[in-house]
Amino acid sequence: MPRRHRLLLLLLALLLLALLPGAGLLLHLAYSALHHSFGLVVDLISVGLLLFLVSAFFAPLEALGWWAGWFGEELRPPESLGALATPLSGDQPIRRWVVYLDGIGQASMQALPEGEDFLRQLGERLPADFAIVRGIMPYSVVNQPLTESRWLGQFWRWVDRLRIRHPQALLGAVINLRNILVVAVSADQRYGPIFNQGMAQVITDSLVANGYAPGSGTPVTLLGFSGGGQISLGALPHLRRVLQAPVEVISLGGVFAGSNQILAAEHLFHLVGERDRVERIGPLAFPGRWRLQPLSYWNRARRRGKVSLISLGPVGHELPGGILDAAAFLSDGRSHLQQTIDRVSAILTEVKPAELQEPREPNNYQRYQANSWHRLEPSRDGGPLPSPALRPLDDWIGRLILPLADQRWGGVWFEVIHAPEGWSQLRGQRLRLDWHDPLLAALAMDVHFSDEALQSVADGGVHPLRLNHWRQVTPLESLAGARPQDDQLVRLSAPVRVLPNPQGRAALDGEGPRLLIQDEPLQTTGTAVALVRFEAPPALTAAAVSAAAVSAKASATDSSTAPEAEPPAWPWTAVAFDPATGRFDGARLRLRLPTPVPNSEGIAPATSRGLETAATNQAGWYVCGVPDGDGGFVVQSMLPRSLQRFAPERVISGQRRAWDYVKRQAWHQPEAGSASAVLVTGRPLGEPEALAEWQPGDRLLVLHVFGGIGGQQRESALAGGICTGHFAYGVATLETEPLSGELGWSLSYRQVYAHNPDGIIAGAQDRWRYLGDRQWGWLGTRPVADILVRFPPLTASYDVQGHERSLLRDFERQLAAMTARYRLGDGTGATFVGPANNCSQDSNQALFAAIKGLQRELRQLDPRALRAWQQQDPAQAQRLRQLLRLERELRRALLPFAGLRPDWQRDREVLGTSLEDQPLDNLLRGLGSWRALLPRMASDTVMKVFLRHGASALVLRANQLGGAHPQIEPVAPLTLGW
Amino acid sequence: MTEAQEVITGALRFDAHAYLYAAASGPLSRIGIWIALLAGLSQAIGQAFILFVNQVRPLRFAISLVVEALLFLSGFLVWATSTWLVAWLVFGSRLPLSLLIRALGIAHAPQLLAFLGALPYLGVPILTLLSLWTAIGFVVGLVAVSDLSVWAGFSSLVVGWWLTNALQRTAGQPVMALGRSLLDRAAGVPLINDGRALEQMLRSGQIGPDRVNPQPLDRSGRP
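Now for a quick tour of the structure. The structure displayed is predicted, hence computed values, not measured ones.

### Re helix 4 (residues 61-68) of chain A
Residues and elements named next belong to chain A.
Part 1 of the reasoning: For helix 4, a buried count of 6 out of 8 residues is recorded, marking the element as mostly surrounded by other parts of the structure.
Part 2 of the reasoning: Within helix 4 the residues assigned to the buried category are Glu62, Ala63, Leu64, Trp66, Trp67 and Ala68.
Part 3 of the reasoning: Residue glycine 69 follows helix 4 closely and has a positive phi angle near 80 degrees.

### Let's talk about the sheet that holds strand 7 (residues 307-311) of chain A
Residue and element names in this part refer to chain A.
Part 1 of the reasoning: Overall, mixed pairing links the 7 strands, which are arranged 1-3-2-4-5-6-7 in an open sheet. Edge strands, defined here as strands with exactly one partner in the open sheet, are strand 1 (83-84) and strand 7.
Part 2 of the reasoning: Relative to strand 6 (residues 268-272), strand 5 (residues 247-252) runs parallel, the two being bridged by 4 bridges. Bridge pairing in strand 6 places leucine 252 opposite leucine 271.
Part 3 of the reasoning: Seen against the sheet, helix 5 (residues 113-125) touches strand 2 (96-101), strand 3 (130-136) and strand 4 (220-225) and runs at an angle of roughly 165 degrees to strand 3.

### A word on the nonpolar core
Part 1 of the reasoning: Grouped together as the largest cluster of nonpolar side chains are 155 residues, with contacts concentrated most on Ala530, Val532, Val623, Val702, Val789, Ala953 and Val955 of chain A.
Part 2 of the reasoning: Per-element tally for this core: the top contributor is helix 25 (residues 807-824) of chain A, with 9 residues.
Part 3 of the reasoning: Alanine 530 of chain A has contacts with Ala389, Leu390, Ala576, Leu589, Val623 and Leu739 of chain A, leaving out every residue within four places of it along the chain.
Part 4 of the reasoning: Core analysis: the next-biggest nonpolar cluster, separate from the first, contains 139 residues, Leu122, Ile194 and Val220 of chain A together with Leu112 of chain B among them.

### Re the pairing of strand 10 (residues 412-418) of chain A
Residues and elements named next belong to chain A.
Part 1 of the reasoning: Counting buried residues along strand 10, 6 of its 7 residues qualify, which places the element largely inside the surrounding structure.
Part 2 of the reasoning: Looking at chain direction, strand 9 (residues 396-401) and strand 10 are connected through 5 bridges and run antiparallel. Counted as the bridge partner of glycine 398 is valine 416 from strand 10.
Part 3 of the reasoning: Where strand 10 and strand 11 (residues 430-435) come together, 4 bridges link them in antiparallel fashion. Each residue of the ladder has a partner; that of glutamate 415, found in strand 11, is arginine 430.

### Comments concerning unusual backbone geometry
Residue and element names in this part refer to chain A.
Part 1 of the reasoning: Proline 495 follows alanine 494 through a cis peptide bond whose omega is 0 degrees.
Part 2 of the reasoning: Following tryptophan 570, the chain continues to proline 571 via a peptide bond in cis, the omega torsion being -5 degrees.
Part 3 of the reasoning: Assignment of secondary structure puts proline 571 in the loop between helix 19 (542-554) and strand 17 (572-576).
Part 4 of the reasoning: In this structure, glutamine 669 is a non-glycine residue whose phi angle is positive, near 40 degrees.
Part 5 of the reasoning: With respect to the element layout, glutamine 669 can be found in the loop between helix 21 (655-663) and strand 22 (675-681).
Part 6 of the reasoning: Phi at glutamine 960 takes a positive value of approximately 50 degrees, unusual for a residue other than glycine.
Part 7 of the reasoning: As for its position among the elements, glutamine 960 is in the loop between strand 31 (952-959) and strand 32 (969-971).

### Section: the pairing of strand 14 (residues 514-517) of chain A
Residue and element names in this part refer to chain A.
Part 1 of the reasoning: Burial of the side chains of strand 14 is restricted to one face: Leu515 and Ile517 are buried, whereas none of Arg514 and Leu516 on the reverse face is.
Part 2 of the reasoning: Across 4 bridges, the pairing between strand 11 and strand 14 is parallel. Among the inter-strand pairings, aspartate 434 is bridged to a residue of strand 14, identified as leucine 516.
Part 3 of the reasoning: Across 4 bridges, strand 13 (residues 496-499) lies against strand 14 in antiparallel orientation. Counted as the bridge partner of leucine 499 is arginine 514 from strand 14.

The rules behind the values
- Residue numbers restart at each chain and count upward from 1, following the sequence in its written direction.
- Chains carry letters from A onward and ligands carry numbers from 1 onward, assigned in written order.
- It should be noted that, the model being predicted, local features are given only for residues of pLDDT at least 70 and side-chain atom pairs only at 80 or more, the latter also being counted only at that level, while totals for whole chains, interfaces and linings use all residues.
- For the exposure call, what matters is how many other C-beta atoms sit within 10 Å of a residue's own: 20 or more marks it buried, 12 or fewer exposed, and in between partly exposed, using C-beta atoms placed from the backbone.
- Counting from the N terminus, the helices are DSSP H or I runs at least four residues long and the strands are E runs at least two residues long.
- Pairing between two strands requires that DSSP report at least two bridges joining them.
- Note on contacts: residues are paired as contacts if their backbone-placed C-beta atoms lie within 7 Å.
- To obtain an axis, a line is fitted to C-alpha atoms, over the contacting stretch when the element is a helix, and the angle between two such axes runs from 0 to 180 degrees between their N-to-C directions.
- Joined through C-beta atoms within 7 Å, a set of buried Ala, Val, Leu, Ile, Met, Phe, Trp, Tyr and Cys residues constitutes a nonpolar core.

As C-alpha cells, this is what we get:
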C-alpha cells in the first residue's frame, strides 16, 4: 500500500476513534497514564503544542498589519530589498532574471550558509547575461528578517547562531516551524491574497531596484527552496500581472498547496529527493494536491504538462543529506549540491527540450513533403504554360518569405512566380510586400510559446516556431512564418499597388519595387487553370498491376473493397473545353496526376482511380496546377465544374421547404462520389425569377461545413462515433468564367482554424487550396457543403456620407483579424479548440463585430443627416433596415444569453486557448452561444435566419469527389434539431 | 474547578447534566449571557482579518471587536426569543425565557474557541467543526432544560432561526442598519464584508496599500 494511503487510513481511524462514544474517556485515561510515566516530557510537548498554536495565531499578523497600514507609512529602505548575487558586467542586456527565495529555515538577510554556497556556485555557472537576485525574506511582506524584528530579534539571533553551529539542534526546528506557518498563511484562502501580494511587491521592488524594467518582457525565474516554493507560486499571478513577462518557477523540495494558480506559470519544475520528508507535507496537507480534486490548479497544470517532476535520487531535504549538502555524495561522485546546481543551471540555460524537439512522429505536413510535385518550386512553377487551354490563376502569384529576425520591417518578402502583363520582368524576384489596413496595426503581438504550445509541437502540431520570441509580429509575418519552411503560395487580390524603387536603381534583390496590398493574401495552390474532361489514364505498368494484386490479397476481409491499382501519375490525356462550341473539343493536354502521400492514418487525400469514368467527369473538371517543365501540366488541385458554375439542378422556394432542404435533405445519407447544387429561396418565387436574380458581379456570403471520414479507414477523430465537423465563412463573387463562358464564381474561405498537424493555416484560403488540393485539400476525403448566400442588404455596399461601406467587406476584415490572432494563438504560439472558442464560435464572433461596427458608425450620424440620408436613397435605407432586422434575429439565435459572452460584446479578448484555463467559465461561455457550438448547427442557424428574411442561396454539396475510394465513406456532421 | 468551568466543559461534552445544573444554580443565572458574549468576542477575533482588510486602525480595531461581540449577543437574544416563541406556540412548551437563554448561551461554549478560526490554513475547517459542535449543543441544551423531544427541540431552533432571519429582512431592517452603522462608526471606515467585494478590493489595481517606488540602483549591484 502506498505510504500516503496508509497515512490517510491512520487519520481516518483516529477520527473514528474520537467520534466513538466513550472514546473521550479512553483518551483521557491514556493521557493520564502517559503523564504518570513521562510527566515532564508530556508537559513539555503540551507546552510546545500550545506555543505552536500561539505562534500560528500570530503568523498572519505581519502581512495583515502591513496591509492595514499599522506599521506606519514609511517607505521601505533600499537596504531591505533583495540584491544581486553577483554584480552585472557592463551594459549587456539581461536574458533572464532569477529570484532566489530561500527555504523556511532562513532567519536573516543571509540565506542559509548552504543556500549562499549554492547561489555563489550557481552564479559562476550561469552565463553573464543572467542576473540572480538574493536576500529576499520569503516570509516577510516587509522583507524584514526575523533577526531584525522589533520584539523578538534577540531571541531569533540566538536561535540562528545555535542552529548554524549545530544543524540538528532542536531549536532550529523552531525556526522551521515558524516559517511553515508562513507557508500556511500564503496558502490560506483569506490571508493568502494579502500575503502573496505583499511578497510579489517585495520581489517586484527588488527586481526593479536592481535594474529590471517591468514591461520589457524579460523572463523571470523564481527559484524557491522548500517553503520558498509556496511563496513563489503564491506571488506568481501578481508578478505576472505587474511585470507582464513570462515567469517560471523552479521548486527545490518545495512545500506548496495545490490551490496556487500554477497555470499562470510558464512552467513549474519541481525537484525532489527520494528521502525528502519535508516536501511530503505538501501532497499530504493540501487537498488541492490530492488526486481527489481533478479540477485543482495543481492537477490541471499537471494534465497540461505545465509541471515537470524531477527526481534528485536518494537526497533528503535540509542538512545533513539535503538538496544543498556539499558534504553528502551521490553514487556518481557528485555532491548533492553539485547535482542541484547542474540541474538548475541546465533548466535555466538550455533551450527547453520541446523547443528543439521535432514531432515524435512525422506529422502530415512532413509526410506530404515527400510528394515533390506538390512542393513549391518557384523556378518550375513559374515556367511557361504548356498549352493555350491553360490560363493564369491570377495576376500576382508568388511565395511569401519570412524576413530574417534582424531585417524585419513589418512586411514580408514576396517571390514573384506570376506577374501581370507589364510586370513580367519581375518574375523570380523577391519584392517587399506590405499590407496596409489600420485594423491590423493593433494586431501585432509578441510571441512567446507557452509550454502547452511546445508540447503541441512535440505532439505533431504545425506551429509558427520560427516566430518564437519575436516582438510585435504582424499578421503578414505570421502568415509567412506559419510553417517551418517558406512554402506559402499566395495570390494577391486587387488592388495591388506597385511602388517603384525610390532610387531607381537596378532591381537587385529586395531593391525592386514594393508591393502594397489592402486585402489578406489568399493562400492557394497552382498558378494556372484549365477546364478539361479526362480521357484516358496512363497504361498500367506490369509492376503496378502486380502490386495491386498483392494488396488485393492482403485485404482478406472483403475483396469487393480491395483497392484497385492507382493509375500511374503520367501521362493522363484530357481534352479542354471550348467556350466557342460549348463542347469538350478544344486542345489536348498531357496531365500529370501525382499519387498523393497518405496521411498518418493511412488515408490517401485523393485518388485518380476511375477518374475518367466517374459521373463528375461528364461535366468536366477545372484543374489547377503548375507546368512540369517537360511539356506536361501537374494537376495539383481539381474542382468539378458542377461546383464552380451557376447551374442548379433544382429550385426550392418558400421558407419552410427551403429550410427543410437545408436542414435535412442536403445532408441526408451522403453517398461517396456524389455532388449536388440546389437553389433555395425564402420567398415564394417561380423558378425563372429565382434564377434571374443571380447576376454577374453579385457578392455572396459563403457558409462552409465539412463532415467526417468513415468507412473501413475511418478517421480516428470519429472514434467517439460523433462527427462535429468544421465551419467556416467565405466570400464569393459571381462572374462569367472565361474558360467556359458560363456564370460561375471565385470563392475563398476565411478559415478560423486551430493549429493542426496538416499545416493548414488560419486565414484566407482559396478554394483551390482548401478544398480542391489533391494533397492538402478535403474534396477527396470529406463530405462538404458550401452554401452561397445571396442577400443584397448584407452584400451590397452602403454610401454613408460619401464613404462606401460594405458590411461584407467589414466582415472580411474582422475575419482577417480573428484569423491573424488564431495564427499566433494570441502570442502563445498555439490555439486549441474549446467550447467557447472554436471555428464556428469565433467566426460568428467576427460577424457580430462587423455588424456592431456599422451600427456604431450609423449611431454617430446626427439624426437629421440620417433622415436626409434615408430620403435621398430610399432603397438603400430599406436595405439597411432589413439588415438591422436580420442582425437582431441573428443575435437572438446565436447569442441567446448575451451576458455570458462578454468577449463578443467587447472588441477583443484573449482567445481561451483550452478548456483547462477556466473550465467552468469556458463551458458557460460556450453555452452562452450554444447554437454556434456545433459547426453544422451554426451554419443551419444562420441559414434559417437568412431564409426567414427572404435570402436565396445556392447549396452545393459534394461527397468525397475524385477517383474511386471505396475504403472511405462520408459521415455527415452532427447537428441538433430544435 | 469552578462551577462555571464545569458547566462549560460539560457543555462541550454534550453533557445534559451541565445544563440542568446551571438551570438550578442561582449564582450561574447570568452564565448563558456571559458565554454568548465571550463567544461573540472569540468569533470576532477569529474573523478579524476582515477588519484588517478594511484597514482599520489598531485602537478602532479593538473597539470594533467589542462592538461585534455586543452585536453578536443581541442577535443571540433575538434568536433565543424567537425559539422560545416557537417552542411555546407550536409545541406548547411553557419554558421560562430566561432558562432558555441560559441553556442556549451555555451551548455556545464551543464557540469560545472560535478565535482559532484565525489560524492560517487550519482556521476555516476549525470554524466549520465548531459550528457543527455548537449546533448539536443547542439541541442537547434545549432538550435538557425543556420537555421537548429531540425533533421538537430541533424544529424549534430551526424555525426560530428562520423567524429571526425573516425579521432581520423585514421589520428588523432599521435595527440591522443601526447595528451596521454602529460597527462602521467603531471601525472608522465603512466595512466591506461581502466576499466578492473583498476579493475585488484585494485585487484592485495596486499591490499593497502604500506602493513603494524604488529608485533603480546602479548596475554594479550590492553584495
